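# Tertiary structure, described
The residues making up each chain are set out below.
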Amino acid sequence: MVFTFILVPLVLASLMPLIGKISKRFLPDALTNITLLFLLIYSITIGRQIISSGTGIRQFVWFGQQMNITLALDGFSLLMLFLIALVSFAVGLYSINYMEHYGSKAIYYALFLLMITGMNGLVLATDLFSIYIFLEVAAVASYALVAYGLGQDELEASFKYLMLSAVATAFILISIAIIFGFTDSLRLHDVALGFQLLNSKYLVGFCTALFIFGFGLKAAIVPFHAWLPDAHPSAPAPISAMLSGVLIKVSGIYAMTRIFINVFGLSSAVSSVLMYLGVISILVGAIIAFSQNDIKRMLAYSSISQIGYIILGIGLGTPLGILGGLFHLFNHAIFKSLLFLNSGAIEQATGTRALDKMGGLAKRMPITAATSAVGSLSIAGVPPLNGFWSKLIIIIALVQAKSYGFAVIAVLASVITLWYYLVIQRRAFFGKLNETWKDIKEAPFWMSFSTILLALICIAIGVLFPLIIKSWLAPATNVLSAGVNYTINLFRF
Amino acid sequence: MIQILLLIALVGFSILAVLLRDLLKAAISLAIASIFLAIIFFRMNASYAGVFEISVVAGLITVLFISTIALTKSDEDVRESKVVSILFPIFFILFIIIDIIVMKTLINRLTTIKYPSPTGSFGQVLWGQRTLDLVGQIGVIFAGVFAVIALFRKRDKNDK
């Protein structure tokens, strides 16, 4: 039952404060991680069903006669569900050790599970207003999680994030209201059909512009990125990993892609706007990341740059471009979570995020150094790791579409990425050990375990990439390649 | 004509809510703005929306705002940048112009599609057709409550 993805984390979240009264640490840790593992396994088993049958699952959940919940699961939403489950499982394990000194673990897990509920609901919804509601569930939980440390920086970052997100959701809501006014429905199927009947480029253009403002802010595409470099570094490391790893992709890219490609139909004008926004994000993110001294801030700017690659690939709109974009989305979720978790391990051991104060940490933290090297090389696109293949597919797609300028910029930015990630590795982990850190220890068991898990996944995807493409990415690409017809033919409920 | 006057009053009080420095006056302006919005809802036959707007936004939220303002002390005047009071009217007028042009173009050029409207009472529509939104609403309420608990929690002595 697909509704499980929404119901299980929601119910556990609501019970978490009570569970916290019974046991402060053990039960919240154990129950959350068992649930996250269950969701991960469930997404894989239900995925096999979809992949083997080749179609999506439509789900009507009835409680008695009154209630009616309609959800849809297809290749694209499955990919996102799997990604949310995978990253949140790694983050859940990491939180067992990392969140010890923040206190009130039960409330932390409750908010964390609500964020997952929001993202899962958004991915499964078949109605524009439901998408908006679940977007808010994930967003409200994430405002509180960003400020969880209660320091001045955290509260300020959270407030900035809240204000800019409110602007984003206002734009999204205005667009939904206009769509409802013209098509008299909020269901994706009816809206897609209505837009075809109306056949108005003015209406599509205006709604697209509002959605680009709204979802662009959520996805932190340049020039709507101002909140991200504050919010992501200020949050506790596991939450930074969730925000950069999955939240900006689900609430920004997934929603935008689903609506633009499967509901509105990607016109050449929108395609060019997305590609230009993508390429500007790649360059601005990479150049600013280069000059950062705070490791988490640098990773945050790097997220903006990598989101640019995803938008560039998907915006291109060809099947190969979409495949590359989705593959990079998948890979980025894994290696960026890994890198944020590693930065948390360093911050916890040394108490600083400033790169110029680190040095030689590999001698004291070999696991963190090794997994961080895997993550850095992956994100920089070094073969045979996973980031190489996704960037290569995007670049080949750009060359095939004769967008040579974009391809050249993508390659150059990739070189800049490699450069600044090598600089991090050298400044943080190699060289002479700074005397101040001679007594520090490697990260505790669960923190190391989750980073090793993610690093192994990076390597495995790099080696087994044809298998991943065939089993997880091709069904998602097929959904998007079918465009508006997919929604009109298959979302008819 | 009355509709236009009501809309102007709604926008006027909303602007006051943003521009007034005194928080109490700003909260009251917001409440008055939402009363005008509720009247517009009633006039457009959206009585349920009107009732919610009056009871929740004009009533409950204003009470919460005013009690919070009454509980806080103002230590010193926070100086806001003057740029805001210069830029806000410019952006606002620009927004109104774009809004008028775009909406006129859209409304004049397009006919709207009519689907058979959902049958049944308000309750039946809400429970029978928007059930998923209610589940989402439960999520938002929980997130809000837990956010308040998290942000106002007392840190243990052995915390960081």
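For clarity, every value in this text was computed on a predicted model and none was experimentally measured.

## Describing the overall build of chain B
Across its full length, chain B carries six helices and zero strands. Reading chain B from its N end, one meets helices and strands in the order α-α-α-α-α-α. Out of the 160 residues in chain B, the part that is buried amounts to 14%.

## Details of the overall build of chain A
Secondary structure assignment for chain A yields 19 helices and two strands. Over its C-alpha trace chain A gives a radius of gyration of 21 Å, about what one expects of a compact globule, namely 23 Å for 493 residues. Taking the principal axes of its C-alpha atoms as reference, chain A extends roughly 70 × 60 × 45 Å. Here chain A, with 493 residues, has 60% of them falling under the buried criterion.

## Considerations on the packing of helix α6 (residues 152–183) of chain A against helix α7 (residues 188–198) of chain A
All names here are of chain A. Packing of α6 against α7 brings their axes to within 10 Å, and their N-to-C directions diverge by 65°. In terms of their interaxial angle, α6 and α7 are classed as roughly perpendicular. Here α6 and α7 pass one another in a crossing that is left-handed. Contact residues: Ile 179, Phe 182 and Thr 183 in α6; Asp 190, Val 191, Gly 194, Phe 195 and Leu 198 in α7.

## A closer look at α7(A)
Residue and element names in this part refer to chain A. The element α7 is largely enclosed, with a buried count of eight among its eleven residues. Along α7, the residues classified as buried are Leu 188, His 189, Asp 190, Val 191, Ala 192, Leu 193, Gly 194 and Phe 195. The elements touched by buried residues of α7 are α5 (128–146), α6, α8 (201–219), α10 (237–264) and α19 (484–490). Taken from the residues just after α7, Asn 199 is the one with a positive phi, measuring 50°.

## Digging into the environment of A:Leu197
Relative to the helices and strands, A:Leu197 resides in helix α7. Residues A:Leu197 and A:Met365 lie 168 residues apart in sequence; the distance between their C-alpha atoms is 61 Å.

## Some remarks on α6(A)
When the terminal C-alpha atoms of α6(A) are compared, their 46 Å separation across 32 residues agrees well with the 46 Å that a helix rising 1.5 Å per residue should span. Immediately downstream of α6(A), the backbone of A:Asp184 shows phi near 65°, a positive value.

## Some thoughts on the interface of chain A and chain B
Each side of the interface is counted separately: chain A has 46 residues, and chain B has 34 residues. Elements represented by at least two residues in the side of chain A that touches chain B include exactly α1 (4–22), β2 (67–73), α4 (105–124), α5, α6, α7 and α8 of chain A. Looking at which element gives the most residues to the side of chain A that touches chain B, the answer is α5(A), with ten residues. Residue classes in the side of chain A that touches chain B are distributed as 28 nonpolar, 15 polar and three charged.

## Thoughts on the domain arrangement of chain B
Domain boundaries assigned for chain B yield domain 1 (2–72 + 82–117) and domain 2 (118–154). The gap between the C-alpha centroids of domain 1 of chain B and domain 2 of chain B is 23 Å.

## A few points about the nonpolar core
Core analysis: the largest hydrophobic core is formed by 199 residues, its most contacted members being A:Leu79, A:Leu111, A:Leu114 and A:Met115. Ranked by size, the runner-up nonpolar core spans eight residues in total, among them B:Ala31, B:Ala33, B:Ile35 and B:Ala38.

## Some points on the environment of A:Ala269
Relative to the assigned elements, A:Ala269 resides in helix α11 (residues 268–290). The spatial distance from the C-alpha of A:Ala269 to the C-alpha of A:Gly205 is 9.0 Å, given a sequence separation of 64 residues.

## Points about unusual backbone geometry
With the exception of glycine, most residues fall at negative phi, and the peptide bonds are largely trans. Residues and elements named next belong to chain A. In the segment running from Val 222 into Pro 223, the intervening peptide bond is cis, with an omega of 10°. Cis rather than trans, the peptide bond between Pro 383 and Pro 384 has omega equal to 5°. Following the sequence through the fold, Pro 384 ends up in the loop between α14 (366–380) and α15 (386–400). Positive phi is not limited to glycine here, since Leu 150 has a value of about 65°. When you line up the elements, Leu 150 lands in the loop between α5 and α6. Of the residues examined, Leu 150 has 17 C-beta atoms within 10 Å and is grouped as partly exposed. Its identity as a non-glycine residue notwithstanding, Lys 402 has a phi of 60°, on the positive side. Locating Lys 402 in the fold gives a position in the loop between α15 and α16 (404–429). Of the residues examined, Lys 402 has 9 C-beta atoms within 10 Å and is grouped as exposed.

## Thoughts on the packing of α4(A) against α5(A)
Residue and element names in this part refer to chain A. For the pair α4 and α5, interaxial distance at closest approach is 8 Å and the crossing angle is 155°. Classified by the angle their axes make, α4 and α5 are roughly antiparallel. With respect to the hand of their crossing, α4 and α5 are arranged in left-handed fashion. The residues of α5 that touch α4, namely those facing Leu 111, Phe 112, Leu 114, Met 115, Thr 117, Gly 118, Met 119, Gly 121 and Leu 122, are Ile 131, Phe 134, Leu 135, Val 137, Ala 138, Ala 141, Ser 142, Ala 144 and Leu 145. In terms of residue class, the contact of α4 with α5 is made up of 14 nonpolar, four polar and no charged.

## So, the environment of A:Ile468
Here A:Ile468 shows up in helix α18 (residues 465–481). Through-space distance from the C-alpha of A:Ile468 to that of A:Phe327 is 9.0 Å; in sequence the pair is 141 residues apart.

## Thoughts on the confidence of the model for chain B
Averaged over all residues, the pLDDT of chain B equals 83, while 88% of them reach at least 70. Two numbers describe this predicted complex: its pTM, 0.92, and its ipTM, 0.89.

Calculation criteria
Residues numbered from 1 in each chain as written. Chains lettered and ligands numbered in written order. Predicted model: local features only at pLDDT ≥ 70, side-chain atom pairs only at ≥ 80, totals over all residues. Helix = DSSP H or I, 4+ residues; strand = E, 2+ residues; numbered from the N terminus. Buried ≥ 20, exposed ≤ 12 C-beta atoms within 10 Å, placed from the backbone. Rg over C-alpha atoms; globule rule 2.2 N^0.38 Å. Axes fitted to C-alpha atoms, helices over the stretch in contact; angles between N-to-C directions. Parallel < 35°, antiparallel > 145°, perpendicular 65-115°, else oblique. Left-handed = near helix turned anticlockwise from the far one by under 90°. Contact = placed C-beta atoms within 7 Å. Expected span 1.5 Å × (residues − 1). Nonpolar A, V, L, I, M, F, W, Y, C, P; charged D, E, K, R; others polar. Domains from an automatic or database assignment. Core = buried A, V, L, I, M, F, W, Y, C linked by C-beta atoms within 7 Å. pLDDT = per-residue confidence, 0-100.

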